[in-house]
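# Summary of the model geometry
Read off the chains here:
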Amino acid sequence: MKQNRRHFLKISAIAATTLAAPSLLASCTSKRNRQSNGNMTLSWTPYDLQLNHTFTISGFSRTTTPVVLVKIDYDGLEGYGEASLPPYLGETQASVIEFLKKVDLSAFTPSRDMEEVIAYLDGIAEGNTAAKAAVDIALHDLAGKIEGVPWYKIYGLDKYNVPDTTFTIGIDTDEVVREKTREALGRFNILKVKVGGPDDKRMIEAIRSETDLPLAVDANQGWKDRQQALDMIFWLKEKGIVMVEQPMPKHDLDNIARLTEESPLPVFADESIQRLSDVERMKGVFSGINIKLMKCTGMHEAWKMRELAYSLGMKVMIGCMTETSCAISAASQLYAGMDFADLDGALLIGNDCFDGSTLENGKIIASDRPGIGVKPTKELFSVN
């Protein structure tokens, strides 16, 4: 493996002291010595994820999540990607498809630099981060398949050196909360609880009636008063909570900074951070950041966010939306060595359509298949 590592360092120009994201689209020397038979072609299909339970956070509930699945064909290989579209992010299947119709990959080949392709995608339109992430993930999947290796090896990571993933329990009745908790026992080593409302203590007590597992909490901006939030965090620490995510409204950075300074638990940014350009202003406000592929346009920028945050002395976690194993597997390729993980998105649905990363002893373990490590489990794509 050391020989392979040196090879990838050479072709990707990775330096530990830089924020450069590894790229297999740069100087790609395929082990298969493929000859190109054409251009990269993009196709897509809408798909609706069916949640196993009604999912409630501070502000709304849902039973489904729309996604758009993406495929890039090139020289007999297929790269897969995904845009997950929870309603609060503002993208829809229709908006993603409109963006994808504008994407023309015919000018690029897998010998081009990833930076060039990603810059092209980012320049098509403002926003559309999930749509861009879908193409980014598919490009990474394709590039890894051309080289014949999974991305965790390209990044130089140990796929087993990963934090336990949380299992999310949404806001619900005591009976349902206990049922969800029992479902998680024996499979997960840490749970994540959605809080941010008047029933926070009731929720925690219901879970504590079933287990003493460590808990993370996500307030989704639900606490509006800093002193109230601080009092709650001190109470939560007594109940075995180990971290707090987005306790207050995303733009209230002054109060969040004061809360973080006084908090006995690490405080992570979620809604307050989207992309690489947001990372530096989070230093001194939060203890760490939550990176989500759907918000930061995919794997390329996620890697840069990770490296920048660590260079600033911040903690890093990887998060997800409700997603298939396609997007979850992409995230699993780059999160080794992070501090926290919330990669249960595919485990919350009943109609996953990809086989990829797996849950092993409470951890999401990346696949050894090339690229992001996935294969579809049903026919998904037709000609657009």
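Residues numbered from 1 in each chain as written. Predicted model: local features only at pLDDT ≥ 70, side-chain atom pairs only at ≥ 80, totals over all residues. Heavy atoms only, no water.

Next up on the list: the overall build of the protein chain. Broken down by element type, the protein chain carries 13 helices and 15 strands. Considering only contacts in the protein chain between residues 6 or more positions apart, those separated by 24 or more positions represent 71%. Working note: accessible area of the protein chain is about 15,100 Å², and carbon and sulfur atoms make up 48% of it. (Helix = DSSP H or I, 4+ residues; strand = E, 2+ residues; numbered from the N terminus. Contact = heavy atoms within 4.5 Å. Areas by Shrake-Rupley, 256 points an atom, 1.4 Å probe, with all protein chains shown as cover.)

Next up on the list: the pattern of salt bridges. Summed over all chains, the structure comprises 25 salt bridges. Residues K101 and E98 are paired through a salt bridge, measuring 3.4 Å at the closest nitrogen-oxygen approach. Highlighted residues: K101 and E98, both in helix 2 (residues 93–101), separated by 3 residues, approximately one helical turn. Judged by its relative accessible area of 53%, K101 falls in the exposed class. Of the residues examined, E98 reaches a relative accessible area of 43% and is grouped as partly exposed. A salt bridge links D172 to K180; the nearest nitrogen and oxygen atoms lie 3.7 Å apart. (Salt bridge = Lys/Arg side-chain N within 4 Å of Asp/Glu carboxyl O. Buried < 20%, exposed > 50% of the residue type's maximum accessible area, 1.4 Å probe, protein only.)

Our focus in this paragraph is the sheet that holds strand 4 (residues 166–169). Spatial strand order, 4-5-6-7-8-9-10-11: 8 strands in an open sheet with parallel pairing. Since the sheet does not close on itself, it has two edges, and those belong to strand 4 and strand 11 (340–341), each with one partner. As judged from the 4 bridges shared by strand 9 (residues 288–291) and strand 10 (residues 315–318), these two strands associate in the parallel manner. Paired with G288 across the strands is K315, a residue of strand 10. Seen against the sheet, helix 6 (residues 174–184) touches strand 4 and strand 5 (190–194) and runs at an angle of roughly 165 degrees to strand 4. Docked against the sheet, helix 12 (residues 299–311) engages strand 9 and strand 10, running at close to 170 degrees with respect to strand 9. (Pairing = 2+ DSSP bridges. Axes fitted to C-alpha atoms, helices over the stretch in contact; angles between N-to-C directions.)

Another aspect to go through is unusual backbone geometry. Despite not being glycine, N220 has its phi angle at roughly 45 degrees, a positive value. Residue placement: N220 occurs in the loop between strand 6 (215–218) and helix 8 (226–238). A residue is classified by how much of its surface remains accessible, and N220, at 8% relative accessible area, is buried. Of note, the phi angle at Q221 is positive, near 70 degrees, even though the residue is not glycine. Mapped onto the secondary structure, Q221 falls in the loop between strand 6 and helix 8.

For the rest of this paragraph, the subject is empty space enclosed by the protein. With the rule as written, the count across this model stands at 3 cavities of 30 Å³ or more. Of the volumes computed, that of the largest cavity is approximately 180 Å³. At the level of secondary structure, the elements contributing two or more residues to the lining of the largest cavity comprise strand 1 (41–57) and strand 5. Along the lines of polarity and charge, the residues of the lining of the largest cavity split into 7 nonpolar, 4 polar and 8 charged. (1 Å grid on protein atoms, 1.4 Å probe; cavity = no way out; pocket = protein on both sides within 12 Å on 5 of 7 lines; lining within 4 Å. Points joined across faces, edges and corners; volume = space filled by probe spheres on them. Nonpolar A, V, L, I, M, F, W, Y, C, P; charged D, E, K, R; others polar.)

Looking at where L191 falls in the secondary structure, it is placed in strand 5. What makes L191 buried here is its relative accessible area of 0%. Counting along the chain gives 24 residues from L191 to L215, while the straight-line C-alpha distance between them is 4.9 Å. Those residues in contact with L191, other than ones at most four positions away along the chain, are T166, F167, I169, T181, A184, I207, T211, L213, P214, L215 and A216.

Next up on the list: the confidence of the model for the protein chain. Taken over all residues, the pLDDT of the protein chain has a mean of 89, while the share at 70 or more is 88%. In the model, residues 1–18 has pLDDT below 50 throughout and makes 26 contacts with residues more than four positions away in sequence or in other chains. Across residues 25–37, where pLDDT falls below 50, the model places 34 contacts with residues more than four positions away in sequence or in other chains. (pLDDT = per-residue confidence, 0-100.)

A few words on the side chain of D270. With respect to the secondary-structure elements, D270 resides in the loop between strand 8 (267–269) and helix 10 (279–282). For D270, the side chain forms a polar contact with the side chain of K292, separated by 3.0 Å. In this structure, D270 is in contact with D218, E245, Q246, N290, K292 and K295, ignoring residues within four places of it in sequence. (Polar contact = N/O pair within 3.5 Å; in protein donor to acceptor, adjacent residues only side chain to side chain.)

Moving on, we come to the pairing of strand 5. With respect to burial, strand 5 is a largely interior element, 5 of its 5 residues being buried. By the alternation rule, side chains of strand 5 split into I190, K192 and K194 and L191 and V193, which are all buried. Here 4 bridges tie strand 4 to strand 5, and the two strands are oriented parallel to one another. Within strand 5, the position partnered with T166 by the bridge is I190. Taking the sense of rotation as the criterion, the β-α-β connection linking strand 4, helix 6 and strand 5 turns out right-handed. With 4 bridges joining them, strand 5 and strand 6 adopt parallel strand pairing. Counted as the bridge partner of V193 is V217 from strand 6. (Right-handed = clockwise from strand over helix to strand, strands pointing away.)

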